Amino acid sequence: MSAGYDLYAPGDSWLHRLDPRVKLILTAMAALLVLLWSSLPLLLAALALAHLLLALARYPRGLAIGVWRALAPLLILIVTLWPVFDRRGEPVLLALGPLIVTGEALLRGLATALRIAALSFTLLLWLGTTDQRSLVRSLVRLGLPFSLGMALTIGLRFIPTFAGVYQTVSEAFQARGLTLPPRGLRRLQAMLPILVAALVTALRMSEQLGWTLAARGVGAPVRRTTLRDLAMRPADWLALAAGLAAGLALLWLTLAEGLGRALR
Amino acid sequence: MAQTGPIFRLEGISYRYHGRHSALDQVDLVVEPGEQLVILGANGSGKSTLLKILDGLYRPTSGRLWAFGEEITDVADDPERARWLHRRVGLVFQDPDVQLFSPTVYDDVAFGPLQLGWPEEQVREQVARALRAMEVAHLADRAPYELSGGEKRRVAIATVLAMDPEVVLLDEPTANLDPRTRAALVHLIRGMRDLGKTVILTTHELDIVPGIATRVVVFGDQERRPVASGHPSEILRDTDLLVRTNLIHEHLHWHGELAHTHPHAHDGEHLHEHR
């Protein structure tokens, strides 16, 4: 695990071993279906399936709970505010002056929250079982230029470093008497000088990083050698074929037959 | 082919940051192949700036500079020649965090050789050799940010060694390390001699000098140029020089009514002299 800065949990499950390109394609297919569906039972089923697959991959329960914790405020906000702004449908459950809450709007809010949760856990199936190197390599093999893939890897790698820089600068400011209010606009205002100082440090680091990259051959007019390239195994082809067949069938049912379009 | 002439020759090199603040002033210096040269200087004496000029990252404000017999004064403005220089001269920065950017130590050490398009077998051999030389093979699968300060320094040096440069420039490699880690690193740096590398290292820590240097050049923090050059033992014995260049300072304390002063360095070396 990477100190809580990313979602990847190392393992040797079938999902970990699955070719990252297959995972990416199937994740995209599942995400498309979840985005098209409004049906509460189907969204619940997708969410349950994602959790079942995570459990089968022995994904740490603590990390999955962490994702739920991170999502909770957003989901609660959606379920609470959606019926306030969406007045369509019946039955009217509450009418207080301009405030009208209908049962249908309440269910639509619930469906939206479920959709976001299902999407998040679908993505977690991919990000939680694919290490950075394979993740970027799969994107490069699917057509992303290497320089962009490298930029993505470096960006991911430096998240903990910049978090550390922010932490150090923040502690230095607090040691000199800066008090950070617990929340709200005043906290944001108090954080501004910390962010500026951390940004200056980050810029200085990025200058040296640029020199390092140049010194390590980036931009050399030769074809880069690749170690440990990705290779599709029969099991990967099988999973891709089965997953795509199921996904395309569901997509056809959704678009042609209206599967999952109704709320209930 | 073995290098016959000097590796570096500097004539009247000066550098000013933003055209104003002088970092180096009229530096003349020759570095011979196979030397383990330690550049001693207090903070602000221009040591790090000199290394960046030697690696072609900064263009000197004035003066002329040769590497491997070719003039490289303007190399910072010429990407193709800069690549040629970087291939032969590797720089290890003071902050290892900025040099380690891959998901694992192995990937980081392999990055340079892969980028140069070397055959796969050669890359694997070179990476294994560099990891072994810096005694970090057991860290190959770890993420760089999970390592301790000393481990990061060793991995950062390995990333440069893997590209098999003829010259390794090390900018204060032992700064902020505990004594045991520092001693281990000094031992590993000394081992680069066996790999046939020319090493140029900057520091203000006197205690690491005897373990590494075949020659010492002292930079004055006021002059911002070399003020002395010689064998390590000769330089370290010259207390007046070390005091004048701010590498040690006079420390005064009292034993009853007896005033006691002695030269004092803060990084281990503690030279006593009763007066």
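Going by an unreviewed UniProt entry, chain B carries the name Energy-coupling factor ABC transporter ATP-binding protein and comes from Thermalbibacter longus. The UniProt entry for chain B carries the following text under Subcellular location (unreviewed entry): "Cell membrane". Quoted verbatim from the Sequence similarities (unreviewed entry) field of the UniProt record, the comment on chain B reads "Belongs to the ABC transporter superfamily."

The name given to chain A in an unreviewed UniProt entry is Energy-coupling factor transporter transmembrane protein EcfT, and the organism recorded there is Thermalbibacter longus. Within the UniProt record for chain A, the comment given under Subcellular location (unreviewed entry) is "Membrane".

All names here are of chain B. Residues L40, V109, I157, L170, I189 and M192 are the most contacted members of the largest nonpolar core, which totals 53 residues. Top element by residues in this core is helix α5 (residues 149–161). It accounts for six residues. Setting aside anything within four residues of it in sequence, one finds L40 in contact with K47, T203, H204, L206, V209, V216, V217, V218, F219, I235 and L247. Membership of the second largest hydrophobic core comes to 34 residues, among which are L29, I53, L54 and V217.

According to UniProt, the positions carrying the feature "domain: ABC transporter" (unreviewed entry) are residues 8–246 of chain B. Taken as a whole, residues 8–246 of chain B contains 35% helix and 25% strand, while its terminal C-alpha atoms sit 27 Å from one another.

Residue-level contacts link 34 residues of chain A with 34 residues of chain B. Across the interface of chain A and chain B, roughly 3,100 Å² is buried in total on both sides, 61% from carbon and sulfur atoms. One can count one salt bridge joining chain A with chain B. Residue D108 of chain B is joined to R216 of chain A by a salt bridge in which the shortest nitrogen-to-oxygen separation is 2.9 Å. Run the count over chain A and chain B and you get six residue pairs in polar contact (both at pLDDT 80 or more). Of all elements in the fold, only α6 (132–141), α7 (146–175) and α8 (185–215) of chain A reach the threshold of two or more residues within the side of chain A that touches chain B. A class-by-class count of the residues in the side of chain A that touches chain B yields 18 nonpolar, 10 polar and six charged.

Splitting chain A by domain gives domain 1 (14–137 + 233–257) and domain 2 (145–215). Centre-to-centre separation of domain 1 of chain A and domain 2 of chain A, based on C-alpha positions: 32 Å.

Before going further, it helps to examine the pattern of salt bridges. Summed over the entire model, instances satisfying the criterion amount to 21 salt bridges over all chains. Ionic pairing is found between D97 of chain B and K152 of chain B, a salt bridge with its closest N-O pair at 3.2 Å. One end of the pair, D97 of chain B, is in the loop between β6 (89–92) and α3 (105–115); the other, K152 of chain B, is in helix α5, with 55 residues separating them in the sequence. Both residues of the pair, D97 of chain B and K152 of chain B, count as buried. Residues joined by salt bridges that share partners form a network here, namely D86, R88, E104 and R108 of chain A.

What follows is about the sheet that holds strand β3 (residues 36–41) of chain B. Residues and elements named next belong to chain B. With respect to topology, six strands assemble into an open sheet ordered β6-β7-β8-β3-β9-β10, the strand pairing being mixed. Of all strands in the sheet, those bounded by a partner on one side alone are β6 and β10 (226–230). Taken over all neighbouring pairs, the strand axes of this sheet differ in orientation by 15° on average, direction set aside. Where β3 meets strand β8 (residues 198–203), five bridges bridge the pair, whose relative direction is parallel. Looking at β8, one finds that V38 is bridged to L201. Across the sheet, helix α2 (residues 79–88) touches β6 and β7 (167–171), and the angle it forms with β6 is around 75°.

Here the focus is the side chain of K47 of chain B. Residue and element names in this part refer to chain B. Structurally, K47 can be placed in helix α1 (residues 47–54). On the basis of relative accessible area, K47 is assigned to the buried category, the value being 4%. A polar atom in the side chain of K47 sits 2.8 Å from the backbone oxygen of G41. Sequence-distant contacts of K47, defined by excluding residues within four places in its chain, comprise I39, L40, G41, A42, E172, T202 and T203.

This brings us to the packing of helix α3 (residues 40–56) of chain A against helix α5 (residues 103–127) of chain A. Residues and elements named next belong to chain A. The contact between α3 and α5 brings their axes to 9 Å, and the two run at 25°. By the angle between their axes, α3 is roughly parallel relative to α5. Pair α3 / α5 crosses with left-handed handedness. Counted together, L40, L43, L44, A46, L47, A50, H51, L53 and L54 of α3 and L107, L110, A111, L114, R115, A117, A118, F121, T122, L124 and L125 of α5 form the full contact between these two elements.

The next subject is the environment of L139 of chain A. Residue and element names in this part refer to chain A. Within the secondary structure layout, L139 lies in helix α6. Separated by 118 residues in sequence, L139 and R21 have C-alpha atoms that sit 7.5 Å apart. Dropping the residues within four chain positions of it, L139 is found in contact with L24, L144 and L152.

What follows concerns unusual backbone geometry. All names here are of chain B. With a phi angle near 55°, Q26 is a residue other than glycine that sits in the positive phi range. The exposure class assigned to Q26 is partly exposed, which follows from its relative accessible area of 44%. Residues other than glycine seldom take positive phi values, yet F68 does so here, at roughly 50°. Note that F68 resides in the loop between β4 (62–67) and β5 (70–71). Given the relative accessible area of 9%, F68 is considered buried.

Take the packing of aromatic side chains next. What the rule picks out here adds up to 10 aromatic pairs over all chains. Centre to centre, the rings of Y15 of chain B and Y17 of chain B are 5.0 Å apart; their planes meet at 80°, and the pair counts as edge-to-face. With relative accessibility at 12%, the residue Y15 of chain B sits in the buried group. For Y17 of chain B, a relative accessible area of 26% puts it in the partly exposed group. When the centroid spacing of 4.9 Å and the interplanar angle of 90° are considered together, the rings of F101 of chain B and F111 of chain B count as edge-to-face. Of this pair, F101 of chain B sits in the loop between β6 and α3 while F111 of chain B sits in helix α3; the two residues are 10 residues apart in sequence, bridging distant segments of the chain. A connected cluster of aromatic rings, assembled from ring pairs, spans W211 of chain A together with Y15, Y17, Y58 and F93 of chain B. Over the aromatic face of F68 of chain B sits the side chain of R88 of chain B, whose NZ or CZ is 3.9 Å from the ring centroid.

Analysis parameters
- Residues numbered from 1 in each chain as written.
- Chains lettered and ligands numbered in written order.
- Predicted model: local features only at pLDDT ≥ 70, side-chain atom pairs only at ≥ 80, totals over all residues.
- Heavy atoms only, no water.
- UniProt positions renumbered as here; feature names shortened; annotations may be inferred.
- Core = buried A, V, L, I, M, F, W, Y, C linked by side-chain atoms within 4.5 Å.
- Buried < 20%, exposed > 50% of the residue type's maximum accessible area, 1.4 Å probe, protein only.
- Helix = DSSP H or I, 4+ residues; strand = E, 2+ residues; numbered from the N terminus.
- Contact = heavy atoms within 4.5 Å.
- Buried area = accessible area lost by both parts, 1.4 Å probe.
- Salt bridge = Lys/Arg side-chain N within 4 Å of Asp/Glu carboxyl O.
- Polar contact = N/O pair within 3.5 Å; in protein donor to acceptor, adjacent residues only side chain to side chain.
- Nonpolar A, V, L, I, M, F, W, Y, C, P; charged D, E, K, R; others polar.
- Domains from an automatic or database assignment.
- Pairing = 2+ DSSP bridges.
- Axes fitted to C-alpha atoms, helices over the stretch in contact; angles between N-to-C directions.
- Parallel < 35°, antiparallel > 145°, perpendicular 65-115°, else oblique.
- Left-handed = near helix turned anticlockwise from the far one by under 90°.
- Phe/Tyr/Trp six-rings, centres within 6.5 Å; stacked < 30°, edge-to-face > 60°.
- Lys NZ or Arg CZ within 6 Å of the ring centre and 35° of its normal.

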